[in-house]
Amino acid sequence: MTQVQNNAVEQDAAYSSMPLFKHERIWSAFDFTWVSMSVAIATWTFLTGGATVLLVGFGGGLAATLIGNAVGMGIMIFGSVFLSQRLGVEQYRALKSVFGAVGVAVIVITVVATIEMGWSSLLGVMFGRGVTEIANQAFGASLEPNGVVVTLLGLLAIIAAWFILSRGPIAIGRLNKFVAPGLLIIVVLMLALLLTSFSVTDLLDAKPLAPFEDDRLNFAIAVEFNVAGGLAWWPVMGSMARLTRGPRAAMWPAFAGLFAGTLIAQVTGMASALLIGNAEPTSWMVPVGGPIIGVCALLFVAFANVTSIAAIGYSTVLAIKQTSESVFGRLRWSVLCAIFMVLPAVLAFFPDFMHEQFMTFVVLSGAAIAAVCGVVVADYFVLRRQAVPLRALYATGSDDPLRFTGGVNIAAMVSIVAGSFFYLFVYNPVTLAALPVFELTTASIPTFVVAGLVYVPLCSLLYVRRNLGGYRLASPFAMKTTEG
Amino acid sequence: MTSTNSEWRQRLDERLELIERDEADDPVHAPLTWRSVVSFVAALTTLCIIGALAVSL
């Protein structure tokens, strides 16, 4: 192979959506478990732990973490992992079979990009607060947690993340090889510091930080928040799962890795929030761990926020680039990455807003993703019976059997809107109005089911019966029944 | 991108042909079986029950 061809293949692997050869599916079940766990142990998990114990104590928080993540990650895995894994195709290319080429672009821009920009801005603010805390504790400064310095440092984190991101996935991968194990060590260290400074009884007796009057509602909201946390992995897991060789090598590791990583980091966040009153390690690492360990750990956590922004940005910018080729295809990668960073940079000017609205933001994101997953599962498992025509994912123009209506599967879009409205009917995270059933079923499970139930008859009526959407195409993989 | 659209399309076609040929010899694109679905959902349900028991105690 010539150098030019080699470069082209590298470019394809990094920025394109070619289907993978068998020998390119390089991840064993163990590899995928470790990768999933590495991405789960991220700095935002401290915040989700801290937000959980706003409403419930440690026992309730642990239960909400178990139930919420089991439900959320379960739905997310069915809605992302299997489709991409089977085809060996990047997630948003594979989703063309569900939403149509234009429909995927709409989902990416309205749902995925918005959510990931929100997370990026939050991580930027966390970086700003972390560094100001170091300055306060190490140099006796008195910088405000929502002051202009936090904004400036947040902007610095976003610029640094753009710099890493613009160098592509290899740079991000190299950094994450150090960051993920480092964070795991720090999380274990933090938990050990907390448990040596406080007793287990202190932890179990600690009261929730800001509960409502109704204990059942508190627990239900905590579970729903964790369901949304599990669903939040939807934008990235499919594309990673395509690197595994079978559905079982994708399903169990995706869940086990994410679940274990989330549990470890979230328990630490819950413990620190309950015992010290703040989930962010930046507020207590120096007093509890001492100046050397504390400052080193804080600097590492602050840096981990930057690499997390870059990792989020990579998957999202790649999705935007691939799904909106006609609009963004001509832009250079670094320019597209800069465009992605604009909204997080603007939001960095409102650090208190991002922190105060964190729970609402996560839950509303979960509402949209639960509905999307309902549609994906109904399409892939019910209507297509796991048989997706691989070649059709790359077809264009009049030859494309997945055209639907002008490139949009109207039935899918209507079902997502219907599912999302149903979510707000069951539970409104802004007003906190909830139906009694919310305490038993959460709002995400009914949303997932309703979106799927609306989708199947509507899609049958609009496309399947009219022989549109490629539902009757004989897939090259339809006859294979061997389990992976 | 270093390659043009036509070169990309050509590589894609070659790749798809090789994948389909490869698939006939040694299937890797296997669907999920009902047995796997049931065992996975059962594991998730068990976790939920453990969580519910933890909070009720």
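Note that the structure is a prediction, hence the values are computed from the model and not measured.

On a plain count of helices and strands, chain B comes out with two helices and zero strands. The buried share among the 57 residues of chain B stands at 35%. When the accessible surface of chain B is summed, it comes to about 3,600 Å², and 60% of that surface belongs to carbon and sulfur atoms.

Turning next to the confidence of the model for chain A. Low pLDDT means the predicted coordinates in that region are not meant to be read closely. Put simply, chain A has an average pLDDT of 87, and 94% of its residues get 70 or more. Taken as a whole, residues 478-484 of chain A scores under 50 in pLDDT and shows 20 contacts with residues more than four places along the chain or in a different chain.

As a further point, take the pattern of salt bridges. Residue and element names in this part refer to chain A. In total, this model carries five salt bridges over all chains according to the counting rule given. Residue Glu-439 is joined to Arg-216 by a salt bridge in which the shortest nitrogen-to-oxygen separation is 2.9 Å. Residue Glu-439 is located in helix 21 (residues 438-441), and its partner Arg-216 is located in helix 11 (residues 215-231); the two are separated by 223 residues in the primary sequence. Notably, a salt bridge pairs Asp-379 with Arg-384, separated by 3.0 Å at the nearest N-O pair.

Right, let's get into the side chain of Thr-48 of chain A. Relative to the helices and strands, Thr-48 of chain A is located in helix 3 (residues 44-52). When sequence neighbours within four positions are dropped, the list of residues in contact with Thr-48 of chain A reads Phe-225, Gln-266 and Phe-358 of chain A.

Turning to the environment of Gly-130 of chain A, a few remarks are in order. Relative to the assigned elements, Gly-130 of chain A resides in helix 7 (residues 101-139). Separated by 20 residues in sequence, Gly-130 of chain A and Val-150 of chain A place their C-alpha atoms 8.7 Å apart.

Within the structure shown, the criterion is met by 22 aromatic pairs over all chains. With 5.9 Å between their ring centres and 90° between their planes, Phe-255 of chain A and Phe-40 of chain B make a pair best called edge-to-face. Remark: Phe-40 of chain B occurs in helix 2 (residues 34-56) and Phe-255 of chain A occurs in helix 13 (residues 247-276); the pair is interchain, linking two chains. Each member of the pair, Phe-255 of chain A as well as Phe-40 of chain B, is classed as buried. Between Phe-404 of chain A and Tyr-471 of chain A the ring centres are 6.3 Å apart and the planes differ by 65°, which places this aromatic pair in the edge-to-face class. With a gap of 67 residues between them, Phe-404 of chain A in the loop between helix 19 (358-383) and helix 20 (410-426) and Tyr-471 of chain A in the segment after helix 22 (444-464) connect regions that are remote in the sequence. Accessibility expressed as a relative area gives 8% for Phe-404 of chain A, which makes it buried. Members of the aromatic cluster, joined through ring pairs, are Phe-78, Phe-82, Trp-252, Phe-255, Phe-259, Tyr-380 and Phe-381 of chain A together with Phe-40 of chain B. Looking at Arg-167 of chain A, its charged tip hangs above the ring of Phe-163 of chain A, at a distance of 3.9 Å from the centre. Of note, Arg-384 of chain A hangs over the ring of Tyr-471 of chain A, and the distance from its end group to the ring centre comes to 3.9 Å.

In this section: the nonpolar core. Residue and element names in this part refer to chain A. Among the nonpolar cores identified, the biggest contains 152 residues, and Phe-99, Trp-119, Trp-234 and Met-237 are the most heavily contacted of them. Looking at this core, the element that brings in the most residues is helix 19, giving 19 residues. Setting aside chain neighbours within four positions, we find Trp-234 in contact with Met-76, Gly-79, Ser-80, Gln-91, Tyr-92, Leu-95, Ile-107, Val-112, Ile-369, Val-372 and Cys-373.

Moving on, we get to the state of the cysteines. Taken as a whole and judged by the stated rule, the model has zero disulfides over all chains. Free of any disulfide, Cys-459 of chain A has its nearest cysteine sulfur in Cys-373 of chain A, 17 Å distant.

A separate point is a nonpolar patch on the surface. Residues and elements named next belong to chain A. Judged by side-chain polarity, Val-342, Leu-343, Val-346, Phe-349, Phe-350 and Phe-353 come together as a nonpolar surface patch covering roughly 570 Å² of accessible area. Position of Val-342 among the secondary structure elements: in helix 17 (residues 333-347). On the basis of relative accessibility, which here comes to 48%, the residue Val-342 falls in the partly exposed class.

Residues spaced three or four apart along an α-helix face the same direction, because each turn holds 3.6 residues. Residues and elements named next belong to chain A. Helix length check: helix 20, at 17 residues, gives a terminal C-alpha distance of 24 Å against a target of 24 Å (1.5 Å per residue), a fit within 8%. Of all the positions in helix 20, only Ala-411, Ala-412, Met-413, Ser-415, Ile-416, Gly-419, Tyr-423 and Val-426 are classed as buried. Of the surrounding secondary structure, the elements contacted by the buried residues of helix 20 are helix 6 (96-99), helix 7, helix 11, helix 19, helix 21 and helix 22. The N-capping residue of helix 20, defined by a side-chain oxygen 3.1 Å from the backbone nitrogen of Ala-411, is Asn-409.

For chain B, the mean per-residue pLDDT works out to 82, and 84% of the residues sit at or above 70. Model confidence for the complex: the whole-complex pTM is 0.89, and ipTM, which rates the interface, is 0.87.

Residues and elements named next belong to chain A. Look at Arg-385: it is not a glycine, yet its phi comes out positive at around 50°. With respect to the secondary-structure elements, Arg-385 resides in the loop between helix 19 and helix 20. With a relative accessible area of 66%, Arg-385 lands in the exposed category. Even without being a glycine, Asn-467 presents a positive backbone phi close to 60°. In this structure Asn-467 comes out as exposed when scored by relative accessible area, which is 52%.

What describes two packed helices is the angle between their axes and the distance between those same axes. Residues and elements named next belong to chain A. With their axes 9 Å apart at the nearest point, helix 9 (residues 169-197) and helix 15 (residues 291-323) run at an angle of 140° to one another. One way to sum up the angle between helix 9 and helix 15 is to call them oblique. Handedness of the helix 9/helix 15 crossing: left-handed. The segment helix 9 lies against helix 15, with Pro-169, Ile-172, Leu-175, Asn-176, Phe-178, Val-179, Gly-182, Leu-183, Ile-186 and Leu-189 engaging Ile-293, Ala-297, Phe-300, Val-301, Phe-303, Ala-304, Thr-307, Ala-310, Ala-311 and Tyr-314.

Cut-off values and rules
Residues numbered from 1 in each chain as written. Chains lettered and ligands numbered in written order. Predicted model: local features only at pLDDT ≥ 70, side-chain atom pairs only at ≥ 80, totals over all residues. Heavy atoms only, no water. Helix = DSSP H or I, 4+ residues; strand = E, 2+ residues; numbered from the N terminus. Buried < 20%, exposed > 50% of the residue type's maximum accessible area, 1.4 Å probe, protein only. Areas by Shrake-Rupley, 256 points an atom, 1.4 Å probe, with all protein chains shown as cover. pLDDT = per-residue confidence, 0-100. Contact = heavy atoms within 4.5 Å. Salt bridge = Lys/Arg side-chain N within 4 Å of Asp/Glu carboxyl O. Phe/Tyr/Trp six-rings, centres within 6.5 Å; stacked < 30°, edge-to-face > 60°. Lys NZ or Arg CZ within 6 Å of the ring centre and 35° of its normal. Core = buried A, V, L, I, M, F, W, Y, C linked by side-chain atoms within 4.5 Å. Disulfide = S-S within 2.5 Å. Patch = residues over 30% accessible without salt bridge, like charges linked within 9 Å, V, L, I, M, F, W, Y side chains within 5 Å. Expected span 1.5 Å × (residues − 1). Polar contact = N/O pair within 3.5 Å; in protein donor to acceptor, adjacent residues only side chain to side chain. Axes fitted to C-alpha atoms, helices over the stretch in contact; angles between N-to-C directions. Parallel < 35°, antiparallel > 145°, perpendicular 65-115°, else oblique. Left-handed = near helix turned anticlockwise from the far one by under 90°.

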